[in-house]
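Here are the chains, one letter per residue:
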Amino acid sequence: MAFTATSLRQLSKPLILDGGLGSELELLHPPAMHHKLWSGLTLILQPEIITRIHYSYIAAGSDIVTTSSYQALELGLLEHGADFGIDTPQKCAVIFDKSIACAVAAVDQWVGENPDTPRMRPLVAAAIGPYGAYLANGAEYTGDYGSVTAAELKRFHALRLVTFLNNRDVDLLAFETFPNVVEFKVCMELLEEMTQALGVSKPFYVSFNYRSPTQICDGTPIAEVVSYLAKKPLVSLIAIGGNCVSLAMVPALLQSLKGLVGGTLPLLVYPNSGEIYDGTTKEWHENDDKDCKFTKEGLNAWYDAGVRLVGGCCRTGPKDIRLMRESFE
């Protein structure tokens, strides 16, 4: 399919993203959960585990797998990767490319095992997470980056973005879990600059973390973000939405976004399970006040609201993706 906002809008059912990485790593590579590099540690030491997780999501029904690069960050790798031989920007870029290779290996394996499938070949989305992931202090849920400057944010994102733009196996870019409007604008400007300089353009989506259905985490109205995008010549933008938000927030969030984009831009959403995260203890707890289950009725309501990319974030797994797949068949 031609991967554009127009082609997405015309779909009779959403494309299915994958689910959470952390809950699967907790089972398959527990040391990564308490290491500063998180999934970056697994990429360095046991990349086959990452491939296994990607494959489990594809087998469950994912049309798009997202790379394990959310917390594979140049600053983090240079600070905590020296013991593993990661001590230069060039070696960091190798890790970024490895995250792509793991996803491609899973896609190739599944396609090879299912030569007659009517499903599309799964796509690879390169995950570009926020500066808050590097801080590892819960800032991706607040957007509070302290005194960091726009210039520093630009340097922070530059190497990973140029690596992904130059990698032919990347089908689209996923700017995800962004809580801070300054960082978001820096990334959009950087993407424009690099696209022109490299002569390479890839479809991309932008997904924010929210404090309310009308504000991203730093308090910026999502209306301001949509207005900013409307003024930019970002022809490769295919969708806008949210992730790492509670399941309970999704209906109001989609209503807010739908009113702003007016059907001109597809929506995306991949929420958490609905459980409650404690940023101090870094643990998840059950939420007795909310229904934390995906349902066929709810998923179809999301499609009716304009969602064309749907999946799960923290504490979701292959079973949730399978439910999503079956809900639209």
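In the block above lies the structure referred to throughout.
Let me sum up the structure you'll find in this document. Keep in mind the model is a prediction, meaning the values are calculated, not measured. (Residues numbered from 1 in each chain as written. Predicted model: local features only at pLDDT ≥ 70, side-chain atom pairs only at ≥ 80, totals over all residues. Heavy atoms only, no water.)

1. Brief notes about helix α12 (residues 296-304)
Convention followed: Buried means the residue's accessible area, taken with a 1.4 Å probe over protein chains only, is under 20% of the maximum for its type, while exposed means over 50%, and partly exposed covers the values in between. Going along the chain from the N terminus, every DSSP run of H or I of four or more residues is numbered as a helix, and every run of E of two or more is numbered as a strand. When we speak of the arc, we mean the arc of directions from the helix axis to the C-beta atoms. Contacts between residues were defined by any pair of non-hydrogen atoms, one from each residue, lying within 4.5 Å.
Those residues of α12 not exposed but buried are L299, W302 and Y303. The arc that holds every buried residue of α12, seen down its axis, measures 100 degrees, which confines them to one face. For α12, exposure combined with an orientation more than 90 degrees from the buried face picks out E297 and D304. Tucked into the core, α12 has its buried residues touching α11 (250-261), β9 (267-270), β12 (307-310) and α13 (318-327).

2. Section: the sheet that holds strand β3 (residues 123-128)
Either a parallel or an antiparallel arrangement is found when strands of a sheet pair, and the pairing is made through backbone hydrogen bonds. Just so we agree on the cut-off: Whether two strands pair depends on DSSP finding at least two bridges between them.
Pairing is parallel in the open sheet, where eight strands are placed in the order β1-β12-β9-β8-β5-β4-β3-β2. Of all the strands in the sheet, the pair left with one neighbour each is β1 (15-16) and β2 (64-66). With five bridges connecting them, strand β5 (residues 204-208) and strand β8 (residues 237-243) associate as parallel partners. Paired with V206 across the bridge in β8 is I240.

3. A word on the environment of Q90
When you line up the elements, Q90 lands in helix α6 (residues 89-113). A sequence separation of 76 residues divides Q90 from P14, and the C-alpha atoms of the two residues are 37 Å apart.

4. Re the packing of aromatic side chains
What describes a pair of aromatic rings is the distance from one ring centre to the other and the angle between the planes of the rings. We count it as follows: The criterion for an aromatic pair is that two Phe, Tyr or Trp rings (for Trp, the six-membered ring) have centres within 6.5 Å, with stacked assigned to planes under 30 degrees apart, edge-to-face to planes over 60 apart and tilted to the rest.
Evaluated as defined, the whole model comprises twelve aromatic pairs. With a centroid separation of 5.2 Å and an interplanar angle of 65 degrees, the aromatic rings of Y131 and Y145 are classed as edge-to-face. Linking Y131 in helix α7 (residues 131-135) with Y145 in the loop between α7 and α8 (150-166), this pair joins segments that are 14 residues apart in sequence. Their ring planes at 50 degrees and their centres at 6.1 Å tell us that Y134 and F156 sit as a pair that is tilted. Residue Y134 is found in helix α7, and its partner F156 is found in helix α8; the two are separated by 22 residues along the sequence.

5. Things to note about the pairing of strand β4 (residues 172-178)
The buried fraction of β4 amounts to seven of the seven residues, a majority that puts the element mostly inside the structure. Summarising the sheet, β3 and β4 pair through four bridges and their orientation is parallel. By the bridge assignment for β4, A126 is matched with L173. Pairing of β4 with β5, which is carried by four bridges, proceeds in the parallel orientation. Note on β5: the bridge partner recorded for F178 is F208.

6. Here's the deal with the nonpolar core
For clarity, the threshold we go by: Residue types Ala, Val, Leu, Ile, Met, Phe, Trp, Tyr and Cys, when buried and joined through side-chain atoms within 4.5 Å, form a set referred to as a nonpolar core.
Ranked by internal contacts, the top residues of the largest apolar core, which has 93 residues, are L173, F175, M188, V206, F208, L229 and W302. At eleven residues, the largest contribution of residues to this core is made by α6. When near neighbours in sequence (up to four residues on either side) are disregarded, V206 contacts F175, F184, M188, L229, L237, A239, I240, G241 and L268. With 18 residues, the next largest nonpolar core counts F3, L17, I64 and L309 among its residues.

7. A closer look at α6
For the record, the criterion: By this rule, a helix spans an expected 1.5 Å times one less than how many residues it contains.
Look at α6: 37 Å from first C-alpha to last across 25 residues, which is about the 36 Å you get at 1.5 Å a residue. For α6, the full list of buried residues reads C92, A93, I95, F96, S99, I100, C102, A103, V104, A106, V107 and W110. Those residues of α6 hidden inside the fold are in contact with α3 (39-45), α4 (47-60), β2, α5 (74-80), β3 and α8.

8. Concerning the packing of α4 against α13
To keep it simple, the criterion reads: As a rule, the C-alpha atoms of each element are fitted with a line to give its axis, helices using only the stretch in contact, and angles between N-to-C directions run from 0 to 180 degrees. Note that the term roughly parallel is reserved for angles under 35 degrees, roughly antiparallel for angles over 145, roughly perpendicular for angles of 65 to 115, and oblique for everything else. Whether a crossing is left-handed or right-handed is set by the direction in which the near helix is turned from the far one by less than a right angle, anticlockwise for left-handed and clockwise for right-handed. Three categories are distinguished: nonpolar for Ala, Val, Leu, Ile, Met, Phe, Trp, Tyr, Cys and Pro, charged for Asp, Glu, Lys and Arg, and polar for the others, with Gly belonging to the last.
Here α4 crosses α13 at 25 degrees, and the two axes come no closer than 8 Å. Relative to α13, α4 is oriented roughly parallel. In the packing of α4 onto α13, the handedness of the crossing is right-handed. Contacts between α4 and α13 involve S56, Y57 and A60 on the former and, on the latter, P318, I321, R322 and R325. Partitioning the contact of α4 with α13 into residue classes produces four nonpolar, one polar and two charged.

9. Describing the packing of α12 against α13
Axis separation between α12 and α13 bottoms out at 10 Å; the angle between their running directions is 65 degrees. Judged on the interaxial angle alone, α13 and α12 are roughly perpendicular. Crossing of α12 over α13 shows right-handed handedness. Of the residues in α13, those in contact with K296, L299 and N300 of α12 are L323, M324 and S327. When its residues are assigned to classes, the contact of α12 with α13 shows three nonpolar, two polar and one charged.

10. Concerning unusual backbone geometry
A positive phi angle, close to 50 degrees, is found at W38, a residue other than glycine. By the secondary structure assignment, W38 is in the loop between α2 (22-28) and α3. Its relative accessible area of 17% is what places W38 among the buried residues. Despite not being glycine, R315 has its phi angle at roughly 70 degrees, a positive value. Inspection of the secondary structure assignment puts R315 in the loop between β12 and α13. According to the relative accessible area criterion, R315 is partly exposed, its value standing at 31%.

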